[in-house]
Amino acid sequence: MTILNLEEQFMNRIAADEKIEPKDWMPDKYRKTLIRQIAQHAHSEIVGMLPEANYISRAPSLRRKAALLAKIQDEAGHGLYLYCAAETLGAERDTLMDELHTGKAKYSSIFNYPTLTWADMGAIGWLVDGAAILNQVPLCKCSFGPYARAMVRVCKEESFHQRQGFEILLTLCNGTAEQKQMAQDSLNRWWWPSMMMFGPNDADSPNSEYSMKTKIKRFSNDELRQRFMDATKPQADILGLTIPDPDLKWNEVTGHWDYGEINWEEFNNVVQGNGPCNKLRVKARKEAWDNGKWVREAATAYAAKREQRKSETKQVA
Ligand code: 3HC
């Protein structure tokens, strides 16, 4: 069977909406695209824990602390599912982590912004996890089986993340004038980086065409960004907050909210490592990895001992 036939067979399976599994034949480009995207997604989840960790000891009540702790633990789990999905494609965990620690790997640029007030915990849950839900629900139908299945559980947990964030902001907006201003200030700082989460405009997205053709991506960056815009504006109205976009305007013809130009220079600058917190985030991840070395060594030693005992028992039997 020639590569051409294999490619043709593969694309017929994609067209038939079949799930591609790790042991199935797949084009190298498909494998590489998935490893790239899943690794970036996994890195985003574990780096995404850092801005919120700052507020576990500053939560205003035990209930808020418990919800924030649960959310951060969920993000760690999301990262683990996704690293495992990347490993089914032949990626090495240590290599992926090294690429993160040396700044070679990308993760969502939004996590390179600082969390300055408690309202940021609300904005992150409401906006960042809200954007993540819109981006991740279609991934539940991704053509690669392990990625799609990981997303089903992730999306269930993201819904809780988004709701607890919105509730934090609703509480502040129903509070004192200072609390409402704190919520507005947070929206002002997190709005545009949230819109950037969906990636560059379709015309500037080098990966989208192949990802859409092979049903890794089900909708384009701009389609999902528009869904986020249309869903979030009414929520901001309920909060009584103003989205910081002077060009925001309801379009009677399209039935969507038109929004202003995104600052792609800022986006590229942050992606290239020049954001306010890039160095801090990578340093924190590297320290966590180094501090966890003894745990990995102990788990490996234990697994080896168990294998040795199993083979000794087999010999005796
Ligand atoms: N931050 C950093 N880099 C970004 C980015 C962002 N917000 N958006 C795009 N990029 C990068 C891409 O990785 C790509 O670079 P690469 O080729 O070196 O990997 C380049 O910009 C061009 O973008 P493309 O649109 O061509 O790339 P993709 O086709 O991969 O689309 C994406 C980008 C929509 C983010 C896609 O990768 C995706 O859906 N990823 C999985 C979901 C994800 O990562 N979600 C956000 C973070 S997870 C999260 O927030 C969870 C929450 O619970 C904390």
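Report follows, based on the coordinates. (Residues numbered from 1 in each chain as written. Predicted model: local features only at pLDDT ≥ 70, side-chain atom pairs only at ≥ 80, totals over all residues. Heavy atoms only, no water.)

1. Points about the packing of aromatic side chains
- A full pass over the atoms with the stated rule returns nine aromatic pairs.
- Look at Tyr55 and Trp118: their rings are 6.4 Å apart centre to centre, the planes differ by 50°, and that puts the pair in the tilted class. Here Tyr55 is found in the loop between helix H3 (49-53) and helix H4 (62-87), whereas its partner Trp118 is found in the loop between helix H5 (93-101) and helix H6 (119-136), with 63 residues between them in sequence. The residues Tyr55 and Trp118 share a single accessibility class, namely buried.
- Pairing Trp250 with Trp257 gives two aromatic rings, centres 5.4 Å apart and planes at 65°, and the pair type is edge-to-face.
- Taking relative accessible area as the criterion, Trp250 reaches 35% and is therefore assigned partly exposed.
- For Trp257, a relative accessible area of 18% puts it in the buried group. (Phe/Tyr/Trp six-rings, centres within 6.5 Å; stacked < 30°, edge-to-face > 60°. Helix = DSSP H or I, 4+ residues; strand = E, 2+ residues; numbered from the N terminus. Buried < 20%, exposed > 50% of the residue type's maximum accessible area, 1.4 Å probe, protein only.)

2. A short note on the site of the ligand
- Every one of the 29 residues lining the ligand counts as a neighbour, but Lys106, Ser109, Glu158, Lys217 and Asn221 are closest to it.
- For the ligand, a nitrogen atom lies 2.8 Å from a polar atom in the backbone of Ser109.
- Between the ligand and Asn135, the relevant distance is 3.0 Å, taken from an oxygen atom to a side-chain nitrogen or oxygen of the residue.
- About the coverage of the ligand: the protein hides 92% of its 1000 Å² of free accessible area.
- Looking at the shell around the ligand, the elements with two or more residues in it are helix H2 (28-47), H6, helix H7 (145-173) and helix H11 (264-274).
- Broken down by element, the residue count for the shell around the ligand peaks at six residues, all from H2.
- Tallied by class, residues from the shell around the ligand come to 11 nonpolar, 11 polar and seven charged. (Near = heavy atom within 4 Å. Polar contact = N/O pair within 3.5 Å; in protein donor to acceptor, adjacent residues only side chain to side chain. Areas by Shrake-Rupley, 256 points an atom, 1.4 Å probe, with all protein chains shown as cover. Nonpolar A, V, L, I, M, F, W, Y, C, P; charged D, E, K, R; others polar.)

3. Re the state of the cysteines
- Counting across every chain of the model gives zero disulfides.
- Of the cysteine sulfurs around Cys142, a residue in no disulfide, the closest is that of Cys140, at 9.7 Å.
- Residue classification places Cys142 among the buried residues on the basis of a relative accessible area of 0%.
- Summary of cysteine pairing: Cys155 is not part of a disulfide, and the nearest cysteine sulfur, belonging to Cys140, is at 3.8 Å. (Disulfide = S-S within 2.5 Å.)

4. Side note on the packing of H7 against helix H8 (residues 177-195)
- The interhelical angle for the contact between H7 and H8, taken along N-to-C directions, is 140°, at an axis separation of 7 Å. Classed by the angle they form, the pair H7 and H8 counts as oblique. Across the interface between the two elements, Leu169, Leu172 and Cys173 from H7 touch Gln179, Lys180, Met182 and Ala183 from H8. (Axes fitted to C-alpha atoms, helices over the stretch in contact; angles between N-to-C directions. Parallel < 35°, antiparallel > 145°, perpendicular 65-115°, else oblique. Contact = heavy atoms within 4.5 Å.)

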